[in-house]
Amino acid sequence: MTTTVMTTTVMTSDARARLHKGLWLGLLGIVIFSVTLPMTRLAVGTPDAPQMSGVFIAVGRAVVAALLSGVFLLVTRAPLPKRGDWWPLVLISGGVVFGFPLLTSVAMRHVEAMHASVIVGVLPLATAAVGALLHRQRPSLGFWACAALGSALVVVFAVLRSGQGAAGLSISLADTLLLAAMACAAVGYGYGAQLSQRMQAEHVICWALVIALPLTLPLALITWPATPVSAAAWGGFAYLAVFSMWLGFFAWYRGLALGGTVRVSQVQLVQPFLSMLFAVPLLGERMDAVTVGFSLAVIATVFIGKKMPVHPAAPAQSPVSPLLPDSRP
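Residues numbered from 1 in each chain as written. Predicted model: local features only at pLDDT ≥ 70, side-chain atom pairs only at ≥ 80, totals over all residues. Heavy atoms only, no water.

A few points about the packing of helix 8 (residues 173-195) against helix 10 (residues 231-259)
Then step 1. Orientation of helix 8 relative to helix 10, taken along the N-to-C sense of each, is 65°, at an axis distance of 8 Å. With respect to helix 10, the element helix 8 is oriented roughly perpendicular. Along this stretch, helix 8 crosses helix 10, giving a crossing that reads as right-handed. Counted together, Gly-188, Tyr-189, Gly-192 and Ala-193 of helix 8 and Phe-249, Trp-252, Tyr-253, Leu-256 and Ala-257 of helix 10 form the full contact between these two elements. (Axes fitted to C-alpha atoms, helices over the stretch in contact; angles between N-to-C directions. Helix = DSSP H or I, 4+ residues; strand = E, 2+ residues; numbered from the N terminus. Parallel < 35°, antiparallel > 145°, perpendicular 65-115°, else oblique. Left-handed = near helix turned anticlockwise from the far one by under 90°. Contact = heavy atoms within 4.5 Å.)

Next up, the structure:
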């Protein structure tokens, strides 16, 4: 007689502590990243008052962060990545060192920070999808429902905030670049979190920046601003180089590794609204009650979603011959 035993995965106190720590570190990283779009807008300027080129901002900030990374790797005596880690580092570099910074920097000259934050709303779902594939996790239907609801709230808010109705959903070239940037970021986040499970999280982004230096350094020299730019633009560039491109990933990758990519990625749902909050003092944009209301609703989906089960992939089991008695309990 075969007895079927139903097992339920119970999160241990240690796993719960790791999740909470991962969520807080992830939130810290997102707060740092939330200033990226306003600072990029400051650095790149507008079509009427251009500052630095998008290409220089992207590669220049990577050069500064790579130099800081080289010093950090030497001081911490970081070991060389193992042979199997170089390809994931290349993918991380392509996603978050080249792809995301370059595409967003070019697009931000033609769109405001409020508008760009619309596209950021799709990043949690993209990151969760990449993480689920890489880590072979199976998020529950309730988890995906919360993620989809949060993303839908972001899109609805963006349409209302833009005041353009259905026309606000049209895809311009800048929107296409931003969407492509989100895809690049999701790949970089997913592989970075995976690699952070066997490498120190800080070393992951440092090595990704260092291996890109042979390309970013000459490109930065070629695209150096030919005309004077404002102090505000240089300030924005400095933030992008030190915080967005470097220190933010220390907290973000560690948080993803501790709490799991699928769960911690949902903290990104608050990023569009944080970007809007930072845009008020930095870019002079206005905040209203509608923004606050939608922000609270999105935050609620994050905390509900993190309580939904996320299952590991079912391990392969040896088939039981129907001709032999089942010895399993």
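That shown, we press on.
Concerning a nonpolar patch on the surface
Then step 1. A cluster of nonpolar residues, Leu-80, Trp-86, Trp-87, Val-90 and Ile-211, forms a patch on the protein surface that exposes about 520 Å² of accessible area.
Then step 2. In terms of residue count, the dominant contributor to the nonpolar patch is helix 4 (residues 86-107) (3 residues).
Then step 3. Note on placement: Trp-86 falls in helix 4. (Patch = residues over 30% accessible without salt bridge, like charges linked within 9 Å, V, L, I, M, F, W, Y side chains within 5 Å. Areas by Shrake-Rupley, 256 points an atom, 1.4 Å probe, with all protein chains shown as cover. Salt bridge = Lys/Arg side-chain N within 4 Å of Asp/Glu carboxyl O.)

Re the confidence of the model for the chain
Then step 1. The share of residues in the chain with pLDDT of 70 or more is 87%, and the mean pLDDT across the chain is 84.
Then step 2. In the model, residues 165-170 has pLDDT below 50 throughout and makes 4 contacts with residues more than four positions away in sequence or in other chains.
Then step 3. Counting contacts from residues 316-329, a segment whose pLDDT is below 50, to residues more than four positions away or on other chains yields 6 contacts. (pLDDT = per-residue confidence, 0-100.)

Description of the pattern of salt bridges
Then step 1. Going through the model one piece at a time under the given rule, you end up with 2 salt bridges.
Then step 2. The salt bridge partner of Asp-85 is Arg-198, with a shortest N-O separation of 2.8 Å. Here Asp-85, found in the loop between helix 3 (54-75) and helix 4, pairs with Arg-198, found in the loop between helix 8 and helix 9 (201-222); they are 113 residues apart in sequence, far enough to count as distant.
Then step 3. With a closest N to O distance of 3.0 Å, Arg-254 and Glu-202 form a salt bridge. With Arg-254 in helix 10 and Glu-202 in helix 9, this residue pair connects regions lying 52 residues apart in the sequence.
Then step 4. With relative accessibility at 27%, the residue Arg-254 sits in the partly exposed group.
Then step 5. When its relative accessible area of 13% is taken as the criterion, Glu-202 is described as buried. (Buried < 20%, exposed > 50% of the residue type's maximum accessible area, 1.4 Å probe, protein only.)

Looking at helix 10
Then step 1. With 29 residues, helix 10 should reach 42 Å at 1.5 Å per residue; the first-to-last C-alpha distance of 39 Å fits that figure.
Then step 2. At Phe-249, helix 10 is deflected by roughly 45°, the largest bend along its length.
Then step 3. The first or second residue beyond helix 10 is Gly-260, which carries a positive phi of 95°. (Expected span 1.5 Å × (residues − 1). Bend = angle between axes of the 7 residues up to and from the residue.)

As for the nonpolar core
Then step 1. In this structure, Tyr-189, Leu-209, Phe-249, Trp-252 and Tyr-253 are the most contacted members of the largest nonpolar core, which totals 78 residues.
Then step 2. For this core, the element with the most residues is helix 10, which contributes 11 residues.
Then step 3. In contact with Tyr-189, not counting residues within four places along its chain, are Phe-33, Val-96, Leu-123, Thr-127, Phe-249, Trp-252, Tyr-253, Leu-256 and Gln-268.
Then step 4. Counting 5 residues, the second largest nonpolar core, distinct from the first, contains Ala-128, Phe-143, Val-262 and Val-310. (Core = buried A, V, L, I, M, F, W, Y, C linked by side-chain atoms within 4.5 Å.)

Details of the packing of aromatic side chains
Then step 1. All told, the structure shown has 17 aromatic pairs when counted by the stated rule.
Then step 2. Look at Phe-33 and Tyr-189: their rings are 6.3 Å apart centre to centre, the planes differ by 10°, and that puts the pair in the stacked class. Linking Phe-33 in helix 1 (residues 13-34) with Tyr-189 in helix 8, this pair joins segments that are 156 residues apart in sequence.
Then step 3. Overall, the relative accessible area of 5% leaves Tyr-189 in the buried class.
Then step 4. Ring geometry for Trp-234 versus Phe-237: centroids 5.8 Å apart, planes at 85°, classification edge-to-face. Of this pair, Trp-234 and Phe-237 both sit in helix 10, 3 residues apart, roughly one helical turn.
Then step 5. A residue is classified by how much of its surface remains accessible, and Phe-237, at 8% relative accessible area, is buried. (Phe/Tyr/Trp six-rings, centres within 6.5 Å; stacked < 30°, edge-to-face > 60°.)

Quick word on unusual backbone geometry
Then step 1. A positive phi angle, close to 55°, is found at Arg-77, a residue other than glycine.
Then step 2. Relative to the helices and strands, Arg-77 is located in the loop between helix 3 and helix 4.
Then step 3. Judged by relative accessible area, which is 77%, Arg-77 ranks as exposed.

A closer look at the packing of helix 2 (residues 36-44) against helix 3
Then step 1. Two numbers describe how helix 2 lies on helix 3: the axes approach to 10 Å, and their chain directions differ by 125°. Judged on the interaxial angle alone, helix 3 and helix 2 are oblique. The hand of the helix 2/helix 3 crossing is right-handed. Contacts between helix 2 and helix 3 involve Thr-36, Thr-40, Ala-43 and Val-44 from the first element and Gly-54, Ile-57 and Arg-61 from the second.
Then step 2. Here the contact of helix 2 with helix 3 is built from residues that sort into 3 nonpolar, 3 polar and 1 charged. (Nonpolar A, V, L, I, M, F, W, Y, C, P; charged D, E, K, R; others polar.)

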